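So you can see what is in the structure, the chains are spelled out below.
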Amino acid sequence: MKKSHTLILLGLLLVALIGTSIYLTKRPPKEDVPAEVNEGKIALSQHDREDAVKMILESKGNTLLFERGEDGWIVNGDSSITLDESSVKDLEYSFSNMYSEQIVEENPQDLDKYGLQKPLAIATVILKDGTEKVFYVGNQTPAKNTYYLMVKEDPKVYTVWMNHGNHFTASLEDFRDRSLPNVDTQQLSYFKLERQEQPTIEIALNEEESEAKAYGVGIWNMLQPYRQIHTINTEEFSKQLEKIPSFKVQDFIEDYPQDLKKYGLDQPSMILQMKDMEEGEVHLLFGNEYDNDNLYFKLADRPGVYGMKKSSLEILYTLEPFAVVDKFAYIVNIDFVDQIQIQTKDKDYSIQLKREIKKAQEEGKEDETITTYFINNKEVEEKPFKELYQSLIGIMVDAENKETLEESPEVSMAFTLNVDPKQVVVDYVPYNRDFYAVFRDGTSEFLASKGQVTKILTRLEELSK
């Protein structure tokens, strides 16, 4: 061949290669093909998933009958059994879109070696046109990623991907919805925890409006176990709420128990109620332990008995009311206080806040409140007075008072308010060498260190001179 002809052919070949490269680069991407529809596989079942009206699984002496109703699938005619939607869809998929990996044997003489003489499961689907398809599931293959399977009226032994075998051999528990009612703890409105031999903790959203709520103070009130209502330490309570698990069923024990006593649920060891502002609600009853770390429980409004890991509930067993209650002996906004009378064994102090309104000189401006501060009729500058006031309302309790004491105060503080309840009296009664029992309105539930009160009295004496 002449040199010029060779060059021409090489040029044409180069143009063709460039064109092919451009086409491969620019052509639209091929749509993803499901793994089950790869070329070379044998279709064993193909139909629209919505065409299935019944699905029947027979295995281990049990039968599961799924029937499609107006609101979804119902198993064994019991609409009270809540099914996990994704698990039932997986079963639908296996019936409607099943391919064989390969034909193992065309006309087997020994089905026993495949586990098909006595199948692990018989899976049947009935379509809305009356068509019935039946599949026999054998053993897993040695590779463990496929199952042996036969189709009714077809002598061949096939292998199918393991998900089909798993779906057809599944038990009722595998299809049940394990989720339980839960609440949004960020919007909690009510919490009640009742426990045997431990104090009941009851907490409710504080419905009263206040400026303090904007700073996370007084969002919740503790109604039990103390005799008086106390506000909650929002930060600490929120931390404890984060430890409460999202409740799920671990074991399905009995759907319609005749005797709750055998599970310890006739007299529950613990009862938990929670509600949120979006009408979410949890109401669980807990009974006896079983199998070491498991606990029987039930929903208050359902008959079924279930099981849950006890270790996941540790916070409910260890939560103490004192851990989440506000530790202030008494805290009140200074704007609500008109007078404070403090009595000690040696001296009395009268604190007054006198206010006058200065009318605004310009339209649209707000009136100004001017407050003058007095201790025993001596005017005190604003900064040192407010520092004293902060220490007064900053007295913190250190522990619960377990003793019954006579209210014979060593120090008494009476707050006169311009809002209800108009007057609050806080008495400090000697408890031991280091602590006072704090009485409020005649009741003592907490102890406060004497040192806090002593510092206030020392500063009060200095400002009153």
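Every value quoted in this text rests on a predicted model; they were computed, and no experiment measured them. (Residues numbered from 1 in each chain as written. Predicted model: local features only at pLDDT ≥ 70, side-chain atom pairs only at ≥ 80, totals over all residues. Heavy atoms only, no water.)

### So, the overall build of the protein
What counts is decided by this rule: Think of it this way: any DSSP run of H or I at least four residues long counts as a helix, any run of E at least two long counts as a strand, and we number them from the N terminus. By the convention used here, residues are in contact when the closest approach between their heavy atoms is within 4.5 Å. Methods summary: accessible areas were calculated by the Shrake-Rupley approach with a probe of 1.4 Å, and residue burial reflects only the protein chains presented.
Broken down by element type, the protein carries nine helices and 27 strands. Counting contacts in the protein only where the partners sit at least 6 residues apart, residues at least 24 apart contribute 56% of the total. In the structure as shown, the protein presents an accessible area of about 27,100 Å², 48% of it carried by carbon and sulfur atoms.

### Concerning the packing of helix H8 (residues 382-393) against helix H9 (residues 450-464)
For the record, the criterion: For helices, the axis comes from a line fit to the C-alpha atoms of the stretch in contact; other axes are also lines fit to C-alpha atoms, and the angle between any two N-to-C directions lies between 0 and 180 degrees. Oblique is the label for every angle not falling under 35 degrees (roughly parallel), over 145 degrees (roughly antiparallel), or within 65 to 115 degrees (roughly perpendicular). Crossings are classed by handedness, with left-handed meaning an anticlockwise turn of the near helix from the far one by less than a right angle and right-handed meaning a clockwise turn. Asp, Glu, Lys and Arg are counted as charged, while Ala, Val, Leu, Ile, Met, Phe, Trp, Tyr, Cys and Pro are counted as nonpolar; the rest, among them Gly, fall into the polar class.
For the pair H8 and H9, interaxial distance at closest approach is 10 Å and the crossing angle is 160 degrees. One finds that H8 runs roughly antiparallel with respect to H9. Relative to H9, the crossing made by H8 is left-handed. In this structure, H8 uses Pro384, Leu388, Ser391 and Leu392 to contact H9, whose residues at the interface are Ile456, Arg459, Leu460 and Leu463. Split into classes, the residues belonging to the contact of H8 with H9 amount to six nonpolar, one polar and one charged.

### Remarks on the confidence of the model for the protein
The condition is simple: Per-residue confidence from the predictor is reported as pLDDT, which spans 0 to 100.
Per-residue confidence for the protein gives a mean pLDDT of 88; residues scoring 70 or more make up 89%. Here helix H1 (residues 3-26) stands out as the element of the protein with the lowest mean pLDDT, 41, in contrast to strand E6 (residues 121-127), whose mean of 98 is the highest. Taken together, the stretch residues 1-38 has pLDDT below 50 and engages in twelve contacts with residues farther than four places along the chain or on a different chain. Taken as a whole, residues 211-216 scores under 50 in pLDDT and shows eight contacts with residues more than four places along the chain or in a different chain.

### Describing the sheet that holds strand E24 (residues 411-417)
The test is simple: Following DSSP output, two strands are said to pair if at least two bridges run between them.
Spatial strand order, E22-E21-E20-E19-E24-E25-E26-E27-E23: nine strands in an open sheet with antiparallel pairing. The outermost strands of the open sheet, each flanked by one partner alone, are strand E22 (378-380) and strand E23 (399-400). Inspection of the sheet shows strand E21 (residues 368-375) paired to E22 by three bridges, in the antiparallel sense. Counterpart to Tyr373 in the pairing with E22 is Val380. Relative to strand E27 (residues 443-449), H9 is tilted by about 75 degrees, and along the sheet it contacts strand E19 (337-344), strand E20 (348-358), E21, E22, E24, strand E25 (423-430), strand E26 (435-440) and E27.

### Considerations on H9
For the record, the criterion: A helix is expected to span 1.5 Å multiplied by its residue count minus one. Working definition: with a 1.4 Å probe on protein chains only, accessible area under 20% of the residue-type maximum means buried, over 50% means exposed, and in between means partly exposed. Throughout, the arc means the angular range of directions from the helix axis out to the C-beta atoms.
The end-to-end C-alpha distance of H9, which contains 15 residues, comes to 21 Å, matching closely the 21 Å that a straight helix rising 1.5 Å per residue would cover. All buried positions along H9 are accounted for by Lys450, Val453, Ile456, Leu457, Leu460, Leu463 and Ser464. One side of H9 holds all its buried residues, which, seen down the axis, span an arc of 155 degrees.

### Details of the sheet that holds strand E11 (residues 198-205)
Read from one edge to the other, the open sheet built from nine strands follows the order E13-E12-E11-E10-E15-E16-E17-E18-E14, with strand pairing classed as antiparallel. With partners counted over all chains shown, the strands left at the sheet margins are strand E13 (230-231) and strand E14 (251-254), one partner each. Of the pairings in the sheet, the one linking E14 to strand E18 (residues 305-309) comprises three bridges and is antiparallel in character. Its bridge partner lying in E18, Glu254 is registered against Val305.

### Observations regarding the pattern of salt bridges
Using the following cut-off: A side-chain nitrogen of Lys or Arg and a carboxyl oxygen of Asp or Glu constitute a salt bridge if their distance falls within 4 Å.
Summed over all chains, the structure comprises 21 salt bridges. For Asp338, the salt bridge identified is with Arg355, shortest N-O distance 2.8 Å. Of this pair, Asp338 sits in strand E19 while Arg355 sits in strand E20; the two residues are 17 residues apart in sequence, bridging distant segments of the chain. Glu461 is the partner of Lys347 in a salt bridge, and the nearest nitrogen-oxygen pair spans 3.0 Å. With a gap of 114 residues between them, Lys347 in the loop between E19 and E20 and Glu461 in helix H9 connect regions that are remote in the sequence. With a relative accessible area of 32%, Lys347 lands in the partly exposed category.

### Quick look at the packing of aromatic side chains
Selection rule: Two rings belonging to Phe, Tyr or Trp (six-membered ring only in the last case) form a pair when the distance between their centres is within 6.5 Å. Interplanar angles under 30 degrees mark stacking, angles over 60 mark edge-to-face geometry, and anything in between is tilted. For a Lys NZ or an Arg CZ to count as sitting over a ring, it must be within 6 Å of the ring centre and within 35 degrees of the ring normal.
A full pass over the atoms with the stated rule returns 17 aromatic pairs. When the ring of Tyr263 is compared with that of Tyr296, the centres are 4.8 Å apart and the planes differ by 65 degrees; the resulting orientation is edge-to-face. Of this pair, Tyr263 sits in the loop between E14 and strand E15 (270-276) while Tyr296 sits in strand E17 (residues 294-299), and the two are 33 residues apart along the sequence. Grouping residues by exposure puts Tyr263 and Tyr296 together as buried. Chaining the aromatic ring pairs together yields one cluster made of Phe252, Phe286, Phe297 and Tyr306. Directly above the ring of Tyr190 sits Lys275, whose terminal nitrogen or CZ lies 5.7 Å from the centroid.

### Examining the nonpolar core
The following threshold applies: In this description, a nonpolar core means a group of buried Ala, Val, Leu, Ile, Met, Phe, Trp, Tyr and Cys residues linked to one another through side-chain atoms lying within 4.5 Å.
Membership of the largest hydrophobic core comes to 71 residues, with the highest contact counts inside it found for Phe191, Phe247, Ile342 and Tyr428. Sequence-distant contacts of Phe247, defined by excluding residues within four places in its chain, comprise Ser179, Leu180, Asn182, Leu272, Met274, Val282, Leu284, Met308 and Leu313. In this structure, Leu57, Leu64, Met98 and Ala121 belong to the second largest nonpolar core, which totals 28 residues.

### Looking at the pairing of E27
The side chains of a regular strand alternate, residue by residue, between the two faces of the sheet. The buried fraction of E27 amounts to six of the seven residues, a majority that puts the element mostly inside the structure. Pairing analysis gives two bridges linking E23 to E27, with the strands arranged antiparallel. Bridge pairing links Glu400 to Phe446 in E27. Where E26 meets E27, six bridges bridge the pair, whose relative direction is antiparallel. Paired with Arg440 across the two strands is Thr443, which belongs to E27. Hairpin remark: E26 followed by E27, antiparallel, with two residues in the connecting loop; positive phi at Asp441, about 50 degrees.

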